[in-house]
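Summary of the model geometry
In case you want the letters, here they are:
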Amino acid sequence: GAVVSQHPSWVICKSGTSVKIECRSLDFQATTMFWYRQFPKQSLMLMATSNEGSKATYEQGVEKDKFLINHASLTLSTLTVTSAHPEDSSFYICSASPNRNEQFFGPGTRLTVL
Amino acid sequence: GQQLNQSPQSMFIQEGEDVSMNCTSSSIFNTWLWYKQDPGEGPVLLIALYKAGELTSNGRLTAQFGITRKDSFLNISASIPSDVGIYFCAGFTTGGANSKLTFGKGITLSVRP
């Protein structure tokens, strides 16, 4: 149980294009989903918290117009990196929480912007 | 902001040895979680601790939630090569819209066969 999937697992795009990453909780309903980014050999940095049916809460320094988050259902959240640039290249990981005490992570999406 | 301290950054042990990792914080957390991350993968939850003083085991793993709620340790006994990875501690402060995980910087574990 508690399986979270992400799609795609990796993506390469040209600078200036937009990329959408999906996060799904496969066997539970997630009242809250979280989006993180991780640079090589570093810890996970929380980007935003998203609750189903409401606007995402972004961490300080994260541009909400650049990283669009949609949490349309209890099993799906999407992160869209708009007008991607090389500095946006990173490992993006989502997590889903069925309650307030646990988070289960997806396998991550490797984004490379050329 | 809240921070979790994990050190050292890397640990090297021999296969079969036990290893202990510590995590400390200047803030109180309501829940402590230990995750393992393999390269190119998302973190996998190993053990969750919900009560101060709680000692929980999961196979060869044992973790304890410190009585002050400001620290936790993870023990791995009889290490094997597949224990290699990055071990993160994370603290969860629950409470309305501000519920979120704070991660330590992780400890990279290497196991020599």
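Scroll up a little and you will see the structure.
This write-up is about the structure you can find in this document. For clarity, every value in this text was computed on a predicted model and none was experimentally measured.

1. Examining the interface of chain B and chain A
Contact residues are listed per partner, giving 21 residues for chain B and 19 residues for chain A. Counting each side, the surface lost to burial between chain B and chain A is near 1600 Å², with a carbon and sulfur contribution of 55%. At the junction of chain B and chain A, the tally comes to 0 salt bridges. Summed over the shared surface of chain B and chain A, the number is 4 residue pairs in polar contact (both at pLDDT 80 or more). Those elements that place two or more of their residues in the side of chain B that touches chain A are strand E4 (31–37), strand E5 (44–49), strand E9 (85–93) and strand E10 (100–103) of chain B. Taken together, the residues of the side of chain B that touches chain A break down into 10 nonpolar, 8 polar and 3 charged.

2. Observations regarding the packing of aromatic side chains
One pass over the structure, following the stated rule, counts 10 aromatic pairs over all chains. Centre to centre, the rings of A:Tyr36 and B:Phe103 are 5.7 Å apart; their planes meet at 90 degrees, and the pair counts as edge-to-face. Placement of the pair is A:Tyr36 in strand E4 (residues 32–38) and B:Phe103 in strand E10, with the two residues belonging to separate chains. Look at A:Tyr36 and you get buried, because its relative accessible area is 1%. For B:Phe103, a relative accessible area of 11% translates into the label buried. A ring pair is formed by B:Phe29 and B:Trp32, whose centres lie 5.6 Å apart and whose planes are at 75 degrees; its orientation type is edge-to-face. B:Trp32 carries the same exposure label as B:Phe29, and that label is buried. One aromatic cluster is present, formed by A:Tyr36, A:Phe105, B:Tyr35, B:Phe88 and B:Phe103 through successive ring pairs.

3. Focus on the state of the cysteines
Between two cysteines, a covalent bond joining their sulfur atoms is known as a disulfide. All names here are of chain B. On inspection of all chains with the given rule, the structure shows 2 disulfides over all chains. With its sulfur 1.9 Å from that of its partner, Cys 23 forms a disulfide with Cys 89. Between Cys 23 and Cys 89, the disulfide has an S-S torsion of 55 degrees and is therefore right-handed. Highlighted residues: Cys 23 in strand E3 (residues 19–25) and Cys 89 in strand E9, separated in sequence by 66 residues.

4. So, the pattern of salt bridges
Residue and element names in this part refer to chain A. All told, the structure shown has 4 salt bridges over all chains when counted by the stated rule. Arg 24 is the partner of Glu 22 in a salt bridge, and the nearest nitrogen-oxygen pair spans 3.4 Å. According to the relative accessible area criterion, Arg 24 is partly exposed, its value standing at 34%. For Asp 88, the salt bridge is made with Lys 66, and the minimal N-O distance between the two is 2.9 Å. Placement of Asp 88 in the loop between strand E8 (76–81) and strand E9 (90–97) and of Lys 66 in the loop between strand E6 (57–58) and strand E7 (67–73) is noted, with a sequence separation of 22 residues between them.

5. Topic: the nonpolar core
In this structure, A:Val4, A:Trp35, A:Leu79, A:Tyr92 and A:Leu111 are the most contacted members of the largest nonpolar core, which totals 24 residues. Of all the secondary-structure elements, those providing two or more residues to this core are strand E2 (10–13), strand E3 (19–25), E4, strand E5 (45–51), E7, E8, E9 and strand E11 (109–113) of chain A. Sequence-distant contacts of A:Val4, that is, excluding residues within four places in its chain, are made with A:Cys23, A:Arg24, A:Ser25, A:Phe28, A:Cys94, A:Ala96, A:Phe104, A:Phe105, A:Gly106 and A:Pro107. Of all hydrophobic cores here, the second largest spans 22 residues; its members include B:Leu4, B:Val19, B:Cys89 and B:Leu109.

6. Considering unusual backbone geometry
Between A:His7 and the following residue, A:Pro8, the backbone shows a cis peptide bond with an omega angle of 0 degrees. Its location among the elements puts A:Pro8 in the loop between strand E1 (4–7) and E2. A cis amide bond links B:Ser7 to the next residue, B:Pro8, at an omega of 0 degrees. Mapped onto the secondary structure, B:Pro8 falls in the loop between strand E1 (4–6) and strand E2 (10–14). Phi angles above zero are rare outside glycine, and A:Lys41 is one such case at about 60 degrees.

What counts and what doesn't
- Residues numbered from 1 in each chain as written.
- Chains lettered and ligands numbered in written order.
- Predicted model: local features only at pLDDT ≥ 70, side-chain atom pairs only at ≥ 80, totals over all residues.
- Heavy atoms only, no water.
- Contact = heavy atoms within 4.5 Å.
- Buried area = accessible area lost by both parts, 1.4 Å probe.
- Salt bridge = Lys/Arg side-chain N within 4 Å of Asp/Glu carboxyl O.
- Polar contact = N/O pair within 3.5 Å; in protein donor to acceptor, adjacent residues only side chain to side chain.
- Helix = DSSP H or I, 4+ residues; strand = E, 2+ residues; numbered from the N terminus.
- Nonpolar A, V, L, I, M, F, W, Y, C, P; charged D, E, K, R; others polar.
- Phe/Tyr/Trp six-rings, centres within 6.5 Å; stacked < 30°, edge-to-face > 60°.
- Buried < 20%, exposed > 50% of the residue type's maximum accessible area, 1.4 Å probe, protein only.
- Disulfide = S-S within 2.5 Å.
- Core = buried A, V, L, I, M, F, W, Y, C linked by side-chain atoms within 4.5 Å.

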